[in-house]
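Now for the letters of each chain:
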Amino acid sequence: MSDLAIINVNSEAKSAWDYRSLFLGYGTKYDKFYCSYCSIELIPKVIYKDEDEKAAKSPHFATRKYDDHNEGCIESFA
């Protein structure tokens, strides 16, 4: 589970809560997210739920089922 992500190579790393705030405040949605350390593609979790939808977990990012962070990535030790 990752907390930080980028949307492209030149973007600033933001937390899942930052992206959630952008969605709730402005309706901003991004197509893809990447690990800010190793650039593997990440899946947003609980970021794009409406305010009134209950969620059992906090916003975060996950890898695809058969993908792992690249060897030596900080997130692979989290």
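In this text the structure is predicted, and so the values were computed from the model without any measurement.

*Asks:* Please give an account of the nonpolar core that cites residues and values.
*Replies:* Note that soluble globular proteins tend to have their nonpolar side chains buried in a common cluster. A5, A16, Y19, F33, C35, C38, I40, L42, I47, F61 and C73 form the largest nonpolar core, which has 11 residues in total. Those residues in contact with A16 that sit more than four places away from it in its chain are D3, I47, P59, H60 and F61.

*Asks:* Lay out unusual backbone geometry with the relevant residues and their values.
*Replies:* Leaving glycine out, the prevailing phi sign among residues is negative, and the prevailing peptide bond configuration is trans. If you check the backbone angles, S39 has positive phi at about 70° while not being a glycine. Within the secondary structure, S39 sits in the loop between β3 (33-34) and β4 (41-45). Residue classification places S39 among the partly exposed positions, given a relative accessible area of 48%. Positioned with a positive phi, V46 is a non-glycine residue whose angle comes to about 65°.

*Asks:* Residues and numbers for the packing of aromatic side chains, please.
*Replies:* Where two aromatic rings form a pair, the distance of their centres and the angle of their planes describe that pair. By the definition in use, this model includes seven aromatic pairs. With a centroid separation of 5.2 Å and 70° between ring planes, the pair formed by F23 and Y48 is classed as edge-to-face. Taken together, the residues span a long stretch of sequence, with F23 in helix α1 (residues 16-26) and Y48 in the loop between β4 and β5 (60-62) at a distance of 25 residues. The buried category is assigned to F23, whose relative accessible area is 13%. Taken together, a centroid distance of 6.5 Å and an interplanar angle of 35° make the contact between F33 and Y48 tilted. Linking F33 in strand β3 with Y48 in the loop between β4 and β5, this pair joins segments that are 15 residues apart in sequence. A relative accessible area of 23% places Y48 in the partly exposed class.

Calculation notes
Residues numbered from 1 in each chain as written. Predicted model: local features only at pLDDT ≥ 70, side-chain atom pairs only at ≥ 80, totals over all residues. Heavy atoms only, no water. Core = buried A, V, L, I, M, F, W, Y, C linked by side-chain atoms within 4.5 Å. Buried < 20%, exposed > 50% of the residue type's maximum accessible area, 1.4 Å probe, protein only. Contact = heavy atoms within 4.5 Å. Helix = DSSP H or I, 4+ residues; strand = E, 2+ residues; numbered from the N terminus. Phe/Tyr/Trp six-rings, centres within 6.5 Å; stacked < 30°, edge-to-face > 60°.

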